[in-house]
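Breakdown of the fold
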Amino acid sequence: MKILVTGGSGFIGSHLIEELLGHGHVIASLDIRDPRERVGGVAYIKQDFCLFDELLECLRNFKPEAIAHLGAVPSVQKSIDMPMGTMRNNVEGTYSVLEAARQTGVLRVVLISSGATYGKTAFEYSGKKLPENVKLAPLNPYGLSKAMLEDMGHIWASKEIWQGPDTVSLRFSNVFGPRQPRDAAYASCIERFMHQWKAGEPFTVVPDGHQRRDMVFVADAVRAVRLACESEKDFYGEAINIGSGKNFSILEIADLIGGKNHPKVFMEPRVGEIRETLFDIQKAKNLFNWQPEISFEKGIEILKQDN
């Protein structure tokens, strides 16, 4: 299968390219940034996917059967600092991808969404697993942009108004794994703690440390994207949680990385963040036989060895 990956130069995108190549797919990576390392056999296209005419020409030349749309401003804090840029990339950019896909006959677009779409609803489900069919109530521009991405996916997959590509939105929980720099947009406390642990520095914890996060290892996350690309089922814009179905507090993560005696200091609190994420992942199991294979504890072990 020929698959175009937007955002292929990023942390998750680079892992996805390796996953897709390993299963025999022909890959093009479209990103405004140069990749840290080029992988043989991949066509790298340096381009802004928000520029519709250029994207349309790219799709006409490469002729992908599927698009994995990872390209985005993927940070809550950056979306608060630069809401206009976030909406341009995440909303206008998604429109460009979906419409160019429709006009060139792409069969499937896999959209990467986020648990940030749940927003206030996540508070109501504290201690319970979040299913996909609850009300979305984003707390920040990033979550809003991803909710809008999902809405666009539904419309472009509709067979009532046109014959567009089939779409599916994968709502990622917090993704972690090798090669993720601590200043990356997707970076969580794990990357910061790993750096501080290696440097012998205290862990800096966002108050109060009891926030809980559903964490999924990057290899599991990109396998979900591949399976969604390959599936012969029609999803019709379905949203699907991709997480572990378990969560850990920030303090528990710190103890797992550095031990209970590693010193900790508290940072300035952050606004617009969800208190807890815990995903119900049954739909992913049912629709394309996906479930995480690498536990959170095993993922931390891999990272500590990698560091």
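Going by the structure above, here's the rest.
As the structure is a prediction and not an experimental result, all values here were calculated from the model.

Moving on to helix α7 (residues 189-199). In an α-helix, one turn spans 3.6 residues, which is why side chains three or four residues apart end up on the same side. Those residues of α7 lying buried are Cys189, Ile190, Glu191, Arg192, Phe193, Met194 and Gln196. Looking at the buried positions of α7, the neighbouring elements they touch are β7 (174-176), β8 (203-205), β10 (215-217), α9 (250-258) and α11 (296-306). Glycine 200 lies just past α7 and shows a positive phi near 70°.

With that out of the way, let us pick up the side chain of glutamate 150. If you trace the backbone, glutamate 150 turns up in helix α6 (residues 141-157). The buried category is assigned to glutamate 150, whose relative accessible area is 3%.

Sheet strands associate in pairs through backbone hydrogen bonding, adopting either a parallel or an antiparallel arrangement. Taken in spatial order, the seven strands make up an open sheet running β3-β2-β1-β4-β5-β6-β11, and their pairing is parallel. Each edge of the open sheet is held by one strand with a lone partner, namely β3 (43-46) and β11 (238-242). Going from strand to strand, the sheet's axes swing by 20° on average, the running direction of each strand aside. Inspection of the sheet shows strand β5 (residues 108-114) paired to strand β6 (residues 166-172) by seven bridges, in the parallel sense. Each residue of the ladder has a partner; that of arginine 108, found in β6, is aspartate 166. Helix α2 (residues 52-62) contacts β1 (2-6), β2 (26-31), β3 and β4 (66-69) of the sheet and is inclined by roughly 170° relative to β2.

What counts as what
Residues numbered from 1 in each chain as written. Predicted model: local features only at pLDDT ≥ 70, side-chain atom pairs only at ≥ 80, totals over all residues. Heavy atoms only, no water. Buried < 20%, exposed > 50% of the residue type's maximum accessible area, 1.4 Å probe, protein only. Helix = DSSP H or I, 4+ residues; strand = E, 2+ residues; numbered from the N terminus. Contact = heavy atoms within 4.5 Å. Pairing = 2+ DSSP bridges. Axes fitted to C-alpha atoms, helices over the stretch in contact; angles between N-to-C directions.

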